[in-house]
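# Observations on chain architecture
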Amino acid sequence: MLESGPEMSLVCLTDFQEHAREHLSKSTRDFIEGGADDSVTRDENIAAFKRIRLRPRYLRDVSEVDTRTTIQGEEISAPICIAPTGFHCLVWPDGEMSTARAAQAAGICYITSTFASCSLEDIVIAAPEGLRWFQLYAHPDLQLNKQLIQRVESLGFKALVITLDAPVCGNRRHDIRNQLRKNLTLTDLQLPKKGNSIPYFQMTPISTSLCWNDLSWFQSITRLPIILKGILTKEDAELAVKHKVQGIIVSNHGGRQLDEVLASIDALTEVVAAVKGKIEVYLDGGVRTGNDVLKALALGARCIFLGRPILWGLAYKGEHGVKEVLNILTNEFHTSMALTGKLKTFFSPDLELKAGWLKNRNSSPSL
């Protein structure tokens, strides 16, 4: 594991959060940490994990714990990947290029955001061997969507992640108070010339009319697997299967969109049950420890995606800070697996629950 330097020793993800709070400007800190409205869901994402208890099994040979898994057929070193977040240059000069290099070094997937502050080409050049997916906010202009998707595909991105839960922007009070919308610019949502940044939120709005039947159009223009991000209910999960997408990210946008929805981990079981193993299910929101990763996998997630903690690591030491965050969480997860008697990451939710690996404090012992 990388050394943090003589000035301080950061040993868990919340240490990086505290460092970021102390060193970032108020407006940047608020942009990263802020939730929608009263931030109930943002806080519940974390609290909900803590209501789940582990039931360890001992006298098992855990001398060779294997954290590897696969997502969409691609091997990753651990089920801990990087969620799409925008404007990484707010916290580190090289922005998403540093994030991509860290993901490549760790052997995990990085979902690049539509709102990246570096160009897609520069991100690919920075980490040419990295596993990359691209997150899309659907634009009302179909031609713009098509050109961006074709560009992403030609650059070697391996999946298209369509965000569903942001037809309009959530009520983020801190950003409104800080007048953040006047100050941010967007690099990649532009046609056709490069180099002309578009002011964030002054561009043509994200599509407010995207519907289930539109997915067939996306499927017709790309060979990439399509992952839907933002599903929280069995009804939408069943529709995702019906429309033949390849994956779901259970997510509430880090509590930044509609407040007072279910915590991601609380929605996971419902979604996993609905898809019946037909497509892969992932999770983001609230993961802060190796135990959290273990709980998500035991409840049916194929892997988890980290949002805010990646930005905390980036703010600390750029690429090396992100590597440290990933190393710490992976080491914690390895320890959690060993101490619960799990040797591999390929969990079966039905078997895990029947075996009593988890217990929710607010429900029966069988969960």
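Going by the annotation in an unreviewed UniProt entry, the name recorded for the protein chain is (S)-2-hydroxy-acid oxidase, with Rhinopithecus roxellana given as the source organism. We quote the UniProt Sequence similarities (unreviewed entry) comment for the protein chain here in full: "Belongs to the FMN-dependent alpha-hydroxy acid dehydrogenase family." Looking at the protein chain in UniProt, the text filed under Cofactor (unreviewed entry) is "FMN".

## Regarding the overall build of the protein chain
Per the secondary structure count, the protein chain includes 13 helices and 14 strands. Taking all 367 residues of the protein chain together, 55% fall into the buried category. Partitioning the contacts of the protein chain with sequence separation of at least 6, the portion at a separation of at least 24 is 72%.

## Focus on the nonpolar core
Trp133 and Leu306 are the most contacted members of the largest nonpolar core, which totals 105 residues. The element best represented in this core is helix α12 (residues 308-340), accounting for 13 residues.

## A short note on the packing of aromatic side chains
Applying the stated criterion to the full structure yields nine aromatic pairs. Plain terms: the ring middles of phenylalanine 16 and tyrosine 316 are 5.4 Å apart, the flat faces sit at 85° to each other, and that makes the pair edge-to-face. Taken together, the residues phenylalanine 16 in helix α1 (residues 13-23) and tyrosine 316 in helix α12 connect sequence positions 300 residues apart. For the pair phenylalanine 16 and tyrosine 316, one class covers both residues: buried. Ring geometry for tryptophan 217 against phenylalanine 218: centres 5.0 Å apart, planes inclined by 80°, an arrangement best described as edge-to-face. Taken together, Phe31, Phe87, Phe115 and Tyr137 form an aromatic cluster joined through their ring pairs. Above the ring of phenylalanine 157, the side-chain terminus of arginine 132 is found at 5.1 Å from the ring centroid. When the ring centre of phenylalanine 31 is taken as reference, the NZ or CZ atom of arginine 256 above it lies at 5.1 Å.

## Quick look at the pairing of strand β10 (residues 226-231)
Across the six residues of β10, six count as buried, placing the element largely inside the fold. Pairing of β10 with strand β11 (residues 247-250) involves four bridges; the strand directions are parallel. Across the sheet, lysine 229 pairs through a bridge with isoleucine 249, a residue of β11.

## Some points on the pattern of salt bridges
As enumerated under the stated definition, the model contains 17 salt bridges in all. In this structure, arginine 68 engages glutamate 75 in a salt bridge whose closest nitrogen and oxygen atoms are separated by 3.9 Å. Look at arginine 68 and you get partly exposed, because its relative accessible area is 42%. Given the relative accessible area of 53%, glutamate 75 is considered exposed. Here lysine 317 ties to glutamate 324 by a salt bridge, and the two come within 3.2 Å at their closest N and O atoms. Judged by relative accessible area, which is 25%, lysine 317 ranks as partly exposed. Within the structure, one salt-bridge network assembled from shared partners comprises Asp94, Arg101, Glu319 and Lys323.

## A look at the confidence of the model for the protein chain
Here the protein chain shows a mean pLDDT of 89. Residues at 70 or above account for 86%. Low pLDDT, under 50, characterises residues 187-204; the predicted model gives this stretch 46 contacts beyond four residues in sequence or across chains. Within the model, pLDDT remains below 50 along residues 363-367, and this stretch shows eight contacts once partners closer than five positions in the same chain are excluded.

So, how was this worked out
- Residues numbered from 1 in each chain as written.
- Predicted model: local features only at pLDDT ≥ 70, side-chain atom pairs only at ≥ 80, totals over all residues.
- Heavy atoms only, no water.
- UniProt positions renumbered as here; feature names shortened; annotations may be inferred.
- Helix = DSSP H or I, 4+ residues; strand = E, 2+ residues; numbered from the N terminus.
- Buried < 20%, exposed > 50% of the residue type's maximum accessible area, 1.4 Å probe, protein only.
- Contact = heavy atoms within 4.5 Å.
- Core = buried A, V, L, I, M, F, W, Y, C linked by side-chain atoms within 4.5 Å.
- Phe/Tyr/Trp six-rings, centres within 6.5 Å; stacked < 30°, edge-to-face > 60°.
- Lys NZ or Arg CZ within 6 Å of the ring centre and 35° of its normal.
- Pairing = 2+ DSSP bridges.
- Salt bridge = Lys/Arg side-chain N within 4 Å of Asp/Glu carboxyl O.
- pLDDT = per-residue confidence, 0-100.

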